[in-house]
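For reference, the chains in residue letters:
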Amino acid sequence: MNIEITEQLQRILVEHIETSGNGIAVLDAEDRFIFFNKAFISLLGIEDHPVLNHSYDELLIWMHTRGVGTATHSSTLDEWLEFVHEQHRSVAFRHYEVDLVDGRWLLVTEQVNVGGEVVLVCNDISHSKKTEHALLDAHKELERLSLTDELTGLSNRRHFMQQLTNEHQRALRYRHPSSLAILDLDHFKKINDQFGHTAGDDVLRHFSSVLRQSLRKQDVIGRLGGEEFALFLPETTQQEAMVLLQRIRHILSSATLEEIAPGFLYTFSAGLTELNHDTPLNCKEWIHVTDQALYRAKRTGRNQVCTG
């Protein structure tokens with residue numbers, strides 16, 4: 001396409017480049033700045049640095065030293081320069097996003113001309129990036145909510161079962177000791193009937209907190225529904241798990257919830273089963289055996305742990 005470069009067209013283009021809200025700069029074949037508009041230095045926050053006839057590397061070093069312009073994310077100067085050099089002039093045309101130390105974002109296009117000059121155009125995309133990050137955060141929160149019990153903050157039944165299935169397979173594969181416990185709060189319906197559902201919710205949250213504080217980081221806790229909870233304890237024998245559950249029972253024996261009623265205490269019953277590697281159960285069978293142990297604990301007096 002042939003375009004006649006008239007004086008009028010030249011004037012319009014020069015005026016546009018100088019007054020554009022987009023930052024525009026030109027590097028010569030030796031990577032020295034031969035042009036920049038006001039928006040370029042304003043967007044990068046480099047008003048205090050003499051740009052014209054200075055090299056691209058000099059600008060990068062100055063920004064890194066002063067802590068302005070492009071965020072380098074704790075990289076050393078040499079690491080950052082190496083990264084930039086790998087990308088700069090790597091193709092005839094490219095665009096990339098740059099986050100700045102003040103929290104703004106720029107979309108930068110880099111065009112390498114036949115004569116070796118580089119034209120840089122910067123556009124502020126902070127608003128769209130803020131929207132993008134908000135959508136990502138919302139998606140993560142929705143994903144978290146889909147896996148979390150709203151009242152207690154523990155894994156919900158679906159998420160716990162997913163984790164248990166994975167850990168069950170791993171325990172069988174490596175023949176590691178693992179124990180499963182299912183816990184049920186005793187006489188929970190009476191608590192709701194006597195003190196109200198708000199008090200019942202307080203008990204559930206309190207019990208969840210006790211479990212979190214009593215267990216290790218690698219242990220998996222879930223609320224299966226209602227007043228029923230489950231624990232998967234990796235690298236834990238049945239005897240070790242029993243010690244843990246008895247310790248939790250001891251904690252509850254002195255943990256009065258005065259906000260519900262003076263001297264208010266509650267207890268739990270539990271079923272406990274260690275995974276047997278000689279005659280291994282599948283995950284569904286493991287849960288069933290542990291459930292049966294829980295029912296036995298409930299039938300024979302509550303406030304105790306029975307093994308499967």
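A quick note: this is a predicted structure, and the numbers were derived from the prediction, not measured.

About the criteria used
- Residues numbered from 1 in each chain as written.
- Predicted model: local features only at pLDDT ≥ 70, side-chain atom pairs only at ≥ 80, totals over all residues.
- Heavy atoms only, no water.
- Pairing = 2+ DSSP bridges.
- Helix = DSSP H or I, 4+ residues; strand = E, 2+ residues; numbered from the N terminus.
- Axes fitted to C-alpha atoms, helices over the stretch in contact; angles between N-to-C directions.
- Expected span 1.5 Å × (residues − 1).
- Contact = heavy atoms within 4.5 Å.
- Salt bridge = Lys/Arg side-chain N within 4 Å of Asp/Glu carboxyl O.
- Buried < 20%, exposed > 50% of the residue type's maximum accessible area, 1.4 Å probe, protein only.
- 1 Å grid on protein atoms, 1.4 Å probe; cavity = no way out; pocket = protein on both sides within 12 Å on 5 of 7 lines; lining within 4 Å.
- Points joined across faces, edges and corners; volume = space filled by probe spheres on them.
- Nonpolar A, V, L, I, M, F, W, Y, C, P; charged D, E, K, R; others polar.

J.: Please explain the sheet that holds strand β4 (residues 105-112) as it appears in this structure.
T.: What holds strands together in a sheet is hydrogen bonding between their backbones, with the strands either parallel or antiparallel. The strand order β2-β1-β5-β4-β3 describes an open sheet built from five strands, whose pairing is antiparallel. Each edge of the open sheet is held by one strand with a lone partner, namely β2 (33-36) and β3 (93-99). Across the sheet, the mean angle from the axis of one strand to that of its neighbour is 20°, orientation sign disregarded.

J.: Honestly, helix α8 (residues 197-214) in this entry has me stumped. Any pointers?
T.: It helps to recall that an α-helix has 3.6 residues per turn; residues three or four apart then point in one direction. Over its 18 residues, α8 extends 26 Å from the first C-alpha to the last, a length consistent with the 26 Å expected when each residue adds 1.5 Å. Of the surrounding secondary structure, the elements contacted by the buried residues of α8 are β6 (178-185), α7 (188-195), β7 (220-225), β8 (228-234), α9 (238-253) and β9 (268-274).

J.: What's the story with the pattern of salt bridges in this structure? I'm lost.
T.: Should their charged atoms come close, side chains of opposite charge can pair. Under the criterion given, the structure shown has 15 salt bridges. When the shortest N-O distance is used, the salt bridge between R223 and D149 registers 3.2 Å. Of this pair, R223 sits in strand β7 while D149 sits in the loop between α5 (126-147) and α6 (157-174); the two residues are 74 residues apart in sequence, bridging distant segments of the chain. You can call D149 buried: its relative accessible area is 13%. Put simply, K298 and D186 hold a salt bridge, and the shortest N to O gap is 3.0 Å. With a gap of 112 residues between them, K298 in helix α10 (residues 283-299) and D186 in the loop between β6 and α7 connect regions that are remote in the sequence. Each of E97, K129 and E132 takes part in a single network of salt bridges with overlapping partners.

J.: What am I meant to see in the layout of surface pockets here?
T.: If a probe the size of a water molecule is rolled over the atoms, the empty space left behind becomes visible. In this structure, the largest pocket occupies an estimated 480 Å³ of space. Forming the boundary of the largest pocket are 25 residues, of which T70, W80, V84, Y96 and V98 lie nearest the centre. Counting residues per element, the ones that place at least two in the lining of the largest pocket are α2 (38-44), α3 (56-66), α4 (77-87), β3, β4 and β5 (118-124). Class assignment of the residues belonging to the lining of the largest pocket gives a composition of 16 nonpolar, five polar and four charged.

J.: What am I meant to see in the sheet that holds β8 here?
T.: Spatial ordering of the open sheet is given by β7-β8-β6-β9-β10, a layout of five strands whose pairing is mixed. Edge positions in the open sheet fall to β7 and β10 (305-307), since each of these has one partner strand only. Averaged over all pairs of adjacent strands, the angle between strand axes in this sheet comes to 20°, irrespective of strand direction. Pairing of β7 with β8 involves five bridges; the strand directions are antiparallel. By the bridge assignment, V220 is partnered in β8 with F232.

J.: What is the right way to read the pairing of β3 from this model?
T.: Looking along a regular strand, one sees side chains alternate from face to face of the sheet. Across seven bridges, the pairing between β3 and β4 is antiparallel. Following the sheet pairing, H95 is matched in β4 by T109. Between β3 and β4, which follow one another and run antiparallel, lie five residues, and G103 among them has a positive phi close to 95°.

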